[in-house]
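Each chain, letter by letter, is given below.
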Protein chains: 2
Amino acid sequence: MNKYEIIAETIQQSIYDQKLEQGTKLPNVESLMKQHNVSKSTITKALDTLEKRGAIFQQRGSGIFVRRQRREGYVSLLTNRGFTADLKEFNITSEVLKLERMNADDEVKMNLHLEENEEVYYVERLRRIDNDILCIEVSYFPVKLVPYLNNEIAEGSIFNYLTDALKFNISFADIYMHIDELNDIDAKKLELKQGNPALFLEQVVYLATGEPFDFSKITYHYKHSKFFVQATNY
Amino acid sequence: MNKYEIIAETIQQSIYDQKLEQGTKLPNVESLMKQHNVSKSTITKALDTLEKRGAIFQQRGSGIFVRRQRREGYVSLLTNRGFTADLKEFNITSEVLKLERMNADDEVKMNLHLEENEEVYYVERLRRIDNDILCIEVSYFPVKLVPYLNNEIAEGSIFNYLTDALKFNISFADIYMHIDELNDIDAKKLELKQGNPALFLEQVVYLATGEPFDFSKITYHYKHSKFFVQATNY
DNA sequence: GAGTGGTCTAGACCACATA
DNA sequence: ATGTGGTCTAGACCACTCG
C-alpha cells in the first residue's frame, strides 16, 4: 500500500473507532504531516481520497471535518469500496437458480462489446438480505475473460472470486435504473404479486483496461431495498 | 479558474467536440505537460478531476482513455456538475403548487439540524421533463439561510438562484431512495392511479461549511424517470 | 527494455474563513 | 491579521503494461 492509502485508512479507522460525529473537526494538515512524517501533498492526497469516499469534507480556511452519517438500513449504491453491497453490515446470501454457458444474444453482445458467436456464462440468482428476498439478479460474464464458474462460486460473492482468484482489477461501472410494475414470472420468484412495484437496475462493470466483464439485470423487491448515494459536487 | 480546472475543461471539451468514443486513447502525460506548459502534478490533478467525473479512465503503463458513454434518455443521479439534472439536455419545467413560510416539523428539524421554533420555506412543485410529468418535489429551506423565496424563483431553478444570487457554495448531498406504491393524493397529482409504482427519493444538500440547507422529498413518475449512475471503484 | 502513469518530496505562493 | 486548506513547480523515483 502507498503512504497516502495507509494514512487514509488510519484516519478513516480513527473516525470509526472514536465514533466521531458529522462536523467534528480533525487535526489540521500541518499536524498530520508531522504525525505521519510525510510531505504536504501526501496528506492532501490521503484527504482527497477520503473526500471522494464521502468520509470527510474539507473547507479552505477553516478545517477538515467528518462527513459520514447514513441512515440505518440503507445499502450504498456506490459502496465505500466496490459496488457490491456492504457485505459486512448486511448478511447477503445467494441461491443459484440457473448457471450455464451459452451464446450471447444481441443485448448481451452490445453491452459487453462482444463479437459474433462469443460465449458467456449466464447466472441467475435469488439474493436475500437477512433472510428477506432482496432481488433477482441475472448476470452475464464473457467466457474469454471468466473461463470458469460453478455453483459453489456463484453461491458466494462472484466479485470476490474474480478479484481474489482471477486477479481482476475492477475499475468502474455504469448503472441504469428505472421503475416499473412486476410481470408474472418475476413476481412469483420474488414472492410478490404481478403489478407490484419494482426497481429495475442494469449494470455494466469494467476492468482497469476498459474491457466490460459483467452485464447484470437486477430486479429489486420493493419492500426490502433501500438505497443510499453520497453525492459530491465536482 | 485554476490551471488544472482550465486544462480539465479543455480536454473534456475536446472529447465532446471530436465525439471521441469510449476507449479512444488520449495524448500521454508528457505531451499534455508540454502542450499546456505546466508541471506533471497539474496534469495529474486535471486528469484526476476528469476521472472523478467519469469522463476518462487512466491505466498505469498503458495510457489515458475516454470513458463516457451513456444511454440516451437517462438522467444522471450525480450529474457532471451539480446534482440537479442536466438542464441543457432535458427541458425541465416547474409548476409551483404551494409556497409558504412555516415552522419546521420534527422530520424537517432533524434533517436540517434545526433548533426549536425555526422557520423554513416550504415549496411544493410539479416538475415536467419535455412536457411529461417527471415528479412531485416537496422542499424545505431554512429561513435563516434562505431569507427570501418567491413563485418566480421557484418556477425556475432554485439551485441556480442560491448559487448565483445568494452565492451559496454547494458541496455535497446525501440521497436516500426506496420504491413503493403511490397513495391516492400523489397519484392524482402525477395523473396516475393509486397503487402504481413510484420511486421515492429524499435528499439533504449541504454547503461547503457542512450546514444542510435543503431537505427535499421527491416522488417520481415511474414511466418518465430513468436514472444513470457512473460508479468508480475507489 | 521502453514507455506510460503514479507517488512523493520540499518549498513557494495563493485563496479563503474567522475572529 | 492569522491560520487554514489549495495550487503549483521541478525533479527523483516507482510500478505497471506491452511488444
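Looking at an unreviewed UniProt entry, one finds chain A named GntR family transcriptional regulator, with Macrococcus epidermidis as its source organism.

### Focus on the protein's contact with DNA strand C
Taken together, 21 residues surround DNA strand C, and among them K3(A), T42(A), K45(A), R60(A) and K40(B) come closest. Here DNA strand C approaches the protein such that, of its atoms within 4 Å, sugar and phosphate make up 75%. S39(A) places a side-chain nitrogen or oxygen 2.8 Å from a phosphate oxygen of DNA strand C. With respect to DNA strand C, the backbone of V29(B) contributes an N or O atom lying 2.9 Å from a phosphate oxygen. Those elements that place two or more of their residues in the surface near DNA strand C are α1 (3-17) and α3 (40-53) of chain A together with β1 (56-59) and β2 (63-66) of chain B. For the surface near DNA strand C, the leading source of residues is α3(A), giving three residues.

### Concerning the domain arrangement of chain A
Partitioning chain A into domains gives domain 1 (3-66) and domain 2 (75-228). Just the C-alpha atoms count here: the centres of domain 1 of chain A and domain 2 of chain A sit 34 Å apart.

### Considering the protein's contact with DNA strand D
The environment of DNA strand D is formed by 19 residues, the closest being K40(A), K3(B), Y4(B), T42(B) and K45(B). Per the 4 Å cut-off to the protein, sugar and phosphate atoms form 74% of the nearby atoms of DNA strand D. With respect to DNA strand D, the side chain of Q58(A) contributes an N or O atom lying 2.7 Å from a phosphate oxygen. T42(B) places a polar side-chain atom, nitrogen or oxygen, 2.3 Å from a phosphate oxygen of DNA strand D. With three residues, helix α3 (residues 40-53) of chain B is the largest single contributor of residues to the surface near DNA strand D.

### Observations concerning the sheet that holds strand β10 (residues 226-232) of chain A
Read across the open sheet, the eight strands follow the order β3(A)-β10(A)-β7(B)-β8(B)-β9(B)-β6(B)-β5(B)-β4(B); overall the sheet is mixed. The open sheet has two free edges, formed respectively by β3 (75-76) of chain A together with β4 (92-103) of chain B, since each of these has just one partner strand. Alignment of strand β7 (residues 170-181) of chain B against strand β8 (residues 197-207) of chain B, held across eleven bridges, turns out to be antiparallel. Paired with H178(B) across the bridge in β8(B) is F200(B).

Definitions and cut-offs
Residues numbered from 1 in each chain as written. Chains lettered and ligands numbered in written order. Predicted model: local features only at pLDDT ≥ 70, side-chain atom pairs only at ≥ 80, totals over all residues. Heavy atoms only, no water. Near = heavy atom within 4 Å. Polar contact = N/O pair within 3.5 Å; in protein donor to acceptor, adjacent residues only side chain to side chain. Helix = DSSP H or I, 4+ residues; strand = E, 2+ residues; numbered from the N terminus. Domains from an automatic or database assignment. Pairing = 2+ DSSP bridges.

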